[in-house]
Amino acid sequence: MNTVEQLILEHPALKRPQTLLAHYQRTRSDHRAMLRKMTPHLANVKRTAVADGNQDLAKAVWCLETVAEIQRQYLTTFDMLKQSKFYAAWCSLETIDNTLHALKRHFQLSSNEYGLAFIKASTVRWQSLYPYAIFASPEILKREVRCGICDAVVSLRKGCGHRVHEIYDGKCCFRRVTKAEVLGIALVHNPVQKYSVMFQADPAVSGGESNQEAYPLAHYAINGLVSPWDVWAVERTTTRHPHSHFSDVASTDECPCMAPQGTYAQCCLPQEGVLRPHVIIGFSVPPPRKLMKRVYV
Amino acid sequence: MVSGLFLLTLFSIAPSYMDDTYFTPPLAERLPLKLLVEDDSTTVASLIASPWVDEALCTSLCQANVVFVQWENFRDTSSPVFPTHTAELFHYIQERAPSGIYSEVAVRDEDYNEVSLHADLVWLPDILVAGTVTAFVLPIIVNLVSEWLKQRLLDRQPRTDVKFQMIIESPQGGSKRITYEGPVEELWRITELAQRSESIASTVLHPAASGLPLLNLPPDSSAENS
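Calculation notes
- Residues numbered from 1 in each chain as written.
- Chains lettered and ligands numbered in written order.
- Predicted model: local features only at pLDDT ≥ 70, side-chain atom pairs only at ≥ 80, totals over all residues.
- Heavy atoms only, no water.
- Core = buried A, V, L, I, M, F, W, Y, C linked by side-chain atoms within 4.5 Å.
- Buried < 20%, exposed > 50% of the residue type's maximum accessible area, 1.4 Å probe, protein only.
- Helix = DSSP H or I, 4+ residues; strand = E, 2+ residues; numbered from the N terminus.
- Contact = heavy atoms within 4.5 Å.
- Phe/Tyr/Trp six-rings, centres within 6.5 Å; stacked < 30°, edge-to-face > 60°.
- Lys NZ or Arg CZ within 6 Å of the ring centre and 35° of its normal.
- Patch = residues over 30% accessible without salt bridge, like charges linked within 9 Å, V, L, I, M, F, W, Y side chains within 5 Å.
- Areas by Shrake-Rupley, 256 points an atom, 1.4 Å probe, with all protein chains shown as cover.
- Salt bridge = Lys/Arg side-chain N within 4 Å of Asp/Glu carboxyl O.
- Pairing = 2+ DSSP bridges.

Colleague: Tell me what's going on with the nonpolar core, and back it up with residues and numbers.
Modeller: Residue and element names in this part refer to chain B. Val-145 and Leu-187 are the most contacted members of the largest nonpolar core, which totals 41 residues. Those elements that place two or more of their residues in this core are strand S2 (34-40), strand S3 (66-69), helix H4 (86-96), strand S8 (126-129), helix H5 (134-152), strand S9 (161-169), strand S10 (175-183) and helix H6 (188-196). Of all the elements, H5 adds the most residues to this core, at eight residues. Residues within four places of Leu-187 in sequence aside, it is in contact with Val-142, Val-145, Ser-146, Leu-149, Val-162, Phe-164 and Tyr-180.

Next comes the structure, spelled out in structure tokens:
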């Protein structure tokens, strides 16, 4: 346990917020209300710590504020998914991912004391259920970079002394690119910024309107979850689909299993069905009965 | 046409949060890994002759045995560029390299620009290893780069591949450029490839032709480079 984590557990001003954040599995509205109430208290503690030059305490407050922000964002994302706002939820998941990454350098995420390990795993799992495959990725030439703490221009050999990702006066240090040129835009599978999804022209798919058909896996999973804190898992495998689903495929056509070699007749037709990707979603809390069936998409 | 299937199954889930989330395919599916050796003309002397080096930097470059080399004419830009995070990697190596290793960047501060590219492939800056102790310096630099990548970038994107070029200057003049493209876990192949040669500093680097099934070397690369 590092100094900051010890302060979080032992400092009298942080005791109450720490306990509240650790009991995160209350109802969504209750937890949101609690997070709202806690914000001014933490801001006050941080102000005092900065005035006293107590950098460790200011950093401990920043950690708790960030934990609260992650929990709040996760609850918001869950609501977005429930409302079928899938693209908005996708962007929100990216924000959670970035915030977790910033916190990770200063605070242990693996113990799940504040639900952070659960949120981290859930974030990746939700992202894995999205159909997005192509993203726009810009190539940017950075002409001027400034420090997020002191606003000084940072060059290769002349730094301002502030280190990226370190905490100063309870604020995380980032770099701001203030002058840049876009050299090009590429289409990639694995972008730096996940929000730059290349949508089809259909505005319903672009996040303006809910479009459950475009997100069958995410839609199915969110319908099976009652609470954002219910444990669930995804298993990926293959299974054989009935040949009746492929009545439009001629035996001389390419096999619908997408295997590179052989026609339908040479590949899956002699088998009991067509080999296709198969996703099993398991819920620790039983979902509604109507979901307890195979769904073909 | 039916394009996919999913089935709900209830099963007991242990509270282990990381089991199903990373679908990292086996290494063989992500390759071909590329590892090439080519003749090159980049040397410390050629870098010093560039318009982006002043007198002070020239002195510093002459002492350095690890030099970060700029990309020129990238997307038709007139200024030299480096891939994003170069400054961070440079400072990381400066702080952690053992004594005897001096690193420098081959352009003045005012000419230094970083370009951010795509996450599909992490582009690392070209690094030139110069001097008479390249056999000692090379593995250290490869290890430091691997460590930095693991700490800084790959904890978020475990499937990301890297592209990295190391230039090894020969005391006889000229240099050899080793180009690596593949997963960070395999970066050690650069060192292995260099060590397979009889002498890094004085002879042609022979790419590993056998015993490494993942290598994707052009069949004639060895002969060409000789």
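Colleague: Lay out the packing of aromatic side chains in plain terms, naming residues and giving numbers.
Modeller: Within this structure, the stated rule accounts for 17 aromatic pairs over all chains. Ring centres of Phe118(A) and Trp229(A) lie 5.9 Å apart, and the angle between their planes is 45 degrees; this geometry places the pair in the tilted category. Separated by 111 residues along the polypeptide, Phe118(A) in helix H6 (residues 116-128) and Trp229(A) in the loop between helix H7 (216-224) and strand S5 (232-241) bring together distant segments of the chain. Across this residue pair, the class does not change: Phe118(A) and Trp229(A) are buried. Aromatic side chains Trp71(B) and Phe74(B) sit 5.5 Å apart centroid to centroid with 40 degrees between the ring planes, which places their arrangement in the tilted category. We note that Trp71(B), like Phe74(B), is buried. Among the aromatic residues, ring-to-ring pairing joins Phe86(A), Trp90(A), Tyr130(A), Tyr132(A), Phe135(A) and Tyr215(A) into one connected group. If you follow Arg125(A) out to its NZ or CZ, it ends over the ring of Trp232(A), 4.9 Å from the centre.

Colleague: A description of a nonpolar patch on the surface should follow, citing residues and the corresponding values.
Modeller: On the surface, Ile134(A), Leu187(A) and Met198(A) cluster together into a nonpolar patch covering about 280 Å² of accessible area. By the secondary structure assignment, Met198(A) is in the loop between strand S4 (175-188) and H7.

Colleague: A description of the environment of Leu57(B) should follow, citing residues and the corresponding values.
Modeller: Among the structural elements, Leu57(B) can be located in helix H3 (residues 55-63). Leu57(B) has contacts with Arg157(A), Trp52(B), Glu104(B), Val105(B), Ala106(B), Val107(B) and Arg108(B), leaving out every residue within four places of it along the chain.

Colleague: If you had to explain the environment of Leu42(A) to someone new, which residues and values would you point to?
Modeller: All names here are of chain A. Tracing the backbone through its elements, the reader meets Leu-42 in helix H3 (residues 28-51). Counting along the chain gives 25 residues from Leu-42 to Pro-17, while the straight-line C-alpha distance between them is 7.9 Å. Ignoring anything within four residues of it in the chain, the contact list for Leu-42 reads Leu-14, Pro-17, Val-61, Leu-64 and Glu-65.

Colleague: How would you explain the sheet that holds strand S1 (residues 135-147) of chain A if you had to name every residue and give the values?
Modeller: If you trace the four strands from one edge of the open sheet to the other, you get S4(A)-S1(A)-S6(B)-S4(B), paired in mixed fashion. In this open sheet, the two strands that pair with only one neighbour each are S4 of chain A together with strand S4 (82-83) of chain B. Sheet analysis places S4(B) next to strand S6 (residues 114-116) of chain B, joined by two bridges and oriented parallel. Each residue of the ladder has a partner; that of Phe82(B), found in S6(B), is Glu114(B).

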